[in-house]
Amino acid sequence: MQLRVHALMECSTVNGPGVRAVIWVQGCSLGCPGCWNAQTHAPLQGFRLDVSEILEWFAKASRENRIEGLTISGGEPMEQAPAVLELLRRLKAAHPGITAGLFSGYTERELPERLWRAMQSHLDFAVLGRYNARRRSHDPLVSSTNQVLRLYTAHYSMADFAAQSVEIHIDDTGLTQITGFPVLGSPVLG
Ligand code: SF4
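Since we're looking at a predicted model, the values are computed, not measured.

**Description of the pairing of strand β6 (residues 125–128)**
Here β6 shows no split at all, with Phe125 and Val127 on one side and Ala126 and Leu128 on the other all buried. After leaving strand β5 (residues 99–104), the chain enters helix α3 (residues 113–120) and then returns to the sheet as β6, a path that is right-handed.

In structure tokens:
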């Protein structure tokens, strides 16, 4: 099964607890006004990766870094739910100590109950709900006050989620990636 991906990052400290690998999926139809990731909206841009290729990427990143978990963001992961579910299931099977988090613009009530229950069974945390630029939040991982941070395992408590911050990554080729919460966060150069 394949996932359409916008970007990958091997190490981030602003997308959930600890050092995390991050995948931004490509494609989101929700159109929240003021979205910071508008370049992830077009469903046919980005690139396709097999779930197996993503798992290989994660395993390599994990060998080279002290990675605590994987965060899946977007774009809208629930618009590629079958592939995301397979990725989470296989990730947890291959790396039992690894935690998994997900950002979705959908609320729990909007998601098909059975699908969301299956997704939740592989997640340690999720941030859910549309971004609302008029209701900005300073809370960890939550961009607007209507969104919720949910915990699905005992692995984390709310105290494990650090204050909003932003990272700027520049690689050897000059590729620059900015992630986190650029409006409210204080910059961390990495
Ligand atoms: S759900 Fe997320 S990616 Fe989609 S428009 Fe809203 S903020 Fe942007």
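More follows now that the structure is in view.
**Regarding helix α2 (residues 81–94)**
For α2, which comprises 14 residues, the first-to-last C-alpha distance of 20 Å matches the rise-based estimate of 20 Å (1.5 Å per residue) to within 8%. Taken as a whole, α2 has its buried residues at Ala83, Val84, Leu87, Leu88 and Leu91. All buried residues of α2 project into a common sector of 135 degrees when viewed along the axis, lining one side. Away from its buried face by more than 90 degrees, α2 exposes Pro82 and Ala93. Taken together, the buried residues of α2 touch β1 (2–12), α1 (51–64), β4 (69–73), β5 and α3.

**Considering the site of the ligand**
Among the 13 residues in the neighbourhood of the ligand, the closest are listed as Cys28, Cys32, Cys35, Gly105 and Tyr131. Across the shell around the ligand, the residue classes tally to five nonpolar, six polar and two charged.

**Quick notes on the sheet that holds β4**
Strand order in the open sheet formed by seven strands is β3-β1-β2-β4-β5-β6-β7, and the pairing between neighbours is mixed. Sheet topology places β3 (47–50) and β7 (148–151) at the edges, where each strand pairs with a single neighbour. Each strand axis lies, on average, 30 degrees off the axis of its neighbour in the sheet, ignoring direction. The pairing of β1 with β3 spans four bridges and is antiparallel. The residue of β3 that forms the bridge with leucine 3 is leucine 49. Of the strands in this sheet, β1, β2 (20–25), β3 and β4 touch α1, which is tilted by about 80 degrees from β3. Sitting on the sheet, α2 is in contact with β1, β4 and β5, with an inclination near 45 degrees to β1.

**As for the nonpolar core**
Leu3, Ile23, Leu87 and Val127 are the most contacted members of the largest nonpolar core, which totals 30 residues. For this core, the elements supplying multiple residues, two or more each, are β1, β2, α1, β4, α2, β5, α3 and β6. Non-local contacts of leucine 87, meaning those with residues more than four positions away in its chain, are made with Leu3, Val51 and Ile54.

**Topic: the pairing of β1**
Pairing of β1 with β2 involves five bridges; the strand directions are antiparallel. Bridging from a neighbouring strand, valine 5 pairs with valine 25 of β2.

**Topic: the packing of α1 against α2**
Orientation of α1 relative to α2, taken along the N-to-C sense of each, is 40 degrees, at an axis distance of 10 Å. The angle between the axes of α1 and α2 places the two elements in the oblique class. In this structure, α1 crosses over α2, and the sense of that crossing is right-handed. Contact residues: Val51, Ile54, Leu55 and Phe58 in α1; Ala83, Glu86, Leu87, Arg90, Leu91 and Ala94 in α2. Looking at the contact of α1 with α2 residue by residue, the class counts come to eight nonpolar, no polar and two charged.

Rules used throughout
- Residues numbered from 1 in each chain as written.
- Predicted model: local features only at pLDDT ≥ 70, side-chain atom pairs only at ≥ 80, totals over all residues.
- Buried ≥ 20, exposed ≤ 12 C-beta atoms within 10 Å, placed from the backbone.
- Helix = DSSP H or I, 4+ residues; strand = E, 2+ residues; numbered from the N terminus.
- Right-handed = clockwise from strand over helix to strand, strands pointing away.
- Expected span 1.5 Å × (residues − 1).
- Arc of directions from axis to C-beta.
- Contact = placed C-beta atoms within 7 Å.
- Near = placed C-beta within 6 Å.
- Nonpolar A, V, L, I, M, F, W, Y, C, P; charged D, E, K, R; others polar.
- Pairing = 2+ DSSP bridges.
- Axes fitted to C-alpha atoms, helices over the stretch in contact; angles between N-to-C directions.
- Core = buried A, V, L, I, M, F, W, Y, C linked by C-beta atoms within 7 Å.
- Parallel < 35°, antiparallel > 145°, perpendicular 65-115°, else oblique.
- Left-handed = near helix turned anticlockwise from the far one by under 90°.

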